[in-house]
Structures are given as structure tokens and as C-alpha cells.
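Notes for the structure review
One-letter residues, chain by chain:
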Amino acid sequence: MTEEQTLNSLEDLGTAADVVASEAADAPEAVVYVQKLDEHGRAYATGKRKDAVARVWIKPGSGRITINGRDFETYFARPVLRLVLQQPIVAAERTDQYDIVATVSGGGLSGQAGAVRHGVSKALVAFEPALRPVLKKGGFLTRDSRVVERKKYGKAKARRSFQFSKR
């Protein structure tokens, strides 16, 4: 339908709606995600959480997870952190199908586990684009933007004031 066309009756409105609907049918479909692999057949992604940054590579394998050159059971000693790291793999039902190699730096262990989880989720989508809806629904592809608030001058911490004394 052209911009200059005026509608004088309800029939004109009906024909205009048909024209707009046919133009919408000609529009391109939703974005199709493509598999992105390097020359070694691995998918790469970067995950972030708090101050931690993780670089993650996944490739088909037996389910081995290596972090900073160590097995993930020894690197993340707490069971909760291991559970956090495995959440996207379990949600995608891909346990023991991919070998994961990650290098992580910055932050503490909790932030590092979150960063690796974010990186694994993004790498899974790069390897298998069909997994995107499952991981998106689980909230694994969203970067958790919460970071520590900075300390302000005149305060003990970010918001904590010094103790008041009348004397």
C-alpha cells in the first residue's frame, strides 16, 4: 500500500489490510543461527560473571571437563559450584557428549563457576544452534550483570557509615 492512498470506505480498508498482509508474508523469516566452529572442530565462547572471565572451547567427546589445566572436580571442590557449571549441559541433555576446556581468571570461585557456565551455554549454542531455545528459557545465555558496588569516600564500605558517637 502506498503512503498517499486515502481510505474512503470500509471496503478500501479491507483491501488495504489484504495488501499489508501480503507484504508481511513476503518479509524475511526469523533469524536462523548457524554453527560456528574453528579449524579444529571446536566451538568457542566467552563467559562473564562478576569480575571473572572464562574462555570456553567445546568439542565432541566423552564428557571430560578441564578448567585451567585441571579436572573440574579438583578445581571446583564445592559440589554447588560443580552443579552450577553442569546446569546448561544437563538442561540441554548433552551429558557425556562434549569435552569442555576452559581457562578462567579473575574474581572468586563462585564468579568463576558462573563465568564458565555462561561460556559453556554460549559455546553449546555455537556448536548446536537448535539448543538456543532450551538454554534461553533456562536463563543460561543471559549475562548476570550484577557486580560489586564501589566504595565511596566518607563511608566504611559502599553504603555502610562509620559508627556515630555523641562524644
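Residues numbered from 1 in each chain as written. Predicted model: local features only at pLDDT ≥ 70, side-chain atom pairs only at ≥ 80, totals over all residues. Heavy atoms only, no water.

1. Remarks on the overall build of the protein chain
Selection criterion: A run of H or I in DSSP becomes a helix once it reaches four residues, and a run of E becomes a strand once it reaches two; helices and strands are each numbered from the N terminus. Partly exposed describes any residue whose relative accessible area lies between the buried limit of under 20% and the exposed limit of over 50%, with all areas from a 1.4 Å probe on protein chains only and scaled to the type maximum. Contact between two residues is taken to exist if any of their heavy atoms lie within 4.5 Å; hydrogens are not considered. Where accessible areas are quoted, they stem from the Shrake-Rupley method and a 1.4 Å probe; at the residue level, only the protein chains shown are allowed to cover.
Within the protein chain, the regular secondary structure consists of five helices and five strands. Along the protein chain, helices (α) and strands (β) appear in the sequence α-β-β-β-β-α-α-β-α-α when read from the amino end. Considering the protein chain as a whole, with its 167 residues, one finds that 28% of them fall into the buried category. If you take every contact in the protein chain between residues at least 6 apart in sequence, the share linking residues at least 24 apart comes to 66%. By element, 54% of the accessible surface of the protein chain is carried by carbon and sulfur atoms, the whole surface being about 11600 Å².

2. Observations concerning unusual backbone geometry
When glycine is set aside, most residues are seen to have a negative phi, and most peptide bonds are trans. With a phi close to 50 degrees, Lys50 is a non-glycine residue in the positive phi region. Along the chain, Lys50 falls in the loop between strand S1 (43-49) and strand S2 (52-60). On the basis of relative accessible area, Lys50 is assigned to the partly exposed category, the value being 39%. One non-glycine residue, Asp96, lies in positive phi territory at about 60 degrees. Counting through the fold element by element, Asp96 comes out in the loop between helix H3 (79-91) and strand S5 (98-105).

3. Details of H3
The criterion, for reference: For a helix, the expected span equals 1.5 Å multiplied by the residue count minus one.
Between the first and last C-alpha of H3 there are 18 Å, a value that for 13 residues agrees with the 18 Å anticipated at 1.5 Å per step. Those residues of H3 lying buried are Leu81, Leu85, Pro88 and Ile89. Looking one or two residues beyond H3, the residue adopting positive phi is Glu93, at roughly 55 degrees.

4. Quick notes on the nonpolar core
Convention followed: Put simply, buried Ala, Val, Leu, Ile, Met, Phe, Trp, Tyr and Cys residues joined by side-chain atoms within 4.5 Å make one nonpolar core.
Residues Val56, Ile58, Ile67, Val116 and Leu135 are the most contacted members of the largest nonpolar core, which totals 32 residues. The set of elements that each furnish at least two residues to this core consists of S1, S2, strand S3 (65-67), helix H2 (72-75), H3, S5 and helix H4 (109-127). No other element matches H4, which puts nine residues into this core. Once residues within four sequence positions are removed from consideration, Val56 is found in contact with Ala43, Tyr44, Ala45, Ile100, Val101, Ala102, Val116, Gly119, Val120 and Ala123.

5. Here's the deal with the environment of Gln86
Tracing the sequence through the fold places Gln86 in helix H3. Along the chain, Gln86 and Ser121 lie 35 residues apart, while their C-alpha atoms are 9.8 Å from each other.

6. A look at the sheet that holds S5
For clarity, the cut-off: Paired strands are those between which DSSP finds at least two bridges. Orientation is described by axes fitted as lines to C-alpha atoms, over the contacting stretch for helices, and by angles from 0 to 180 degrees between their N-to-C directions.
Spatial strand order, S1-S2-S5-S3-S4: five strands in an open sheet with mixed pairing. Single-partner strands in this sheet number two, and they are S1 and strand S4 (70-71). Where S2 meets S5, eight bridges bridge the pair, whose relative direction is antiparallel. Residue Trp57 lies in a different strand from S5, and its bridge partner there is Val101. Lying on the sheet, H4 is in contact with S1, S2, S3 and S5; it crosses S1 at an angle near 150 degrees.

7. Some remarks on H4
Between the first and last C-alpha of H4 there are 26 Å, a value that for 19 residues agrees with the 27 Å anticipated at 1.5 Å per step. Counting buried positions along H4 yields 15 of 19 residues, so the element is predominantly enclosed.

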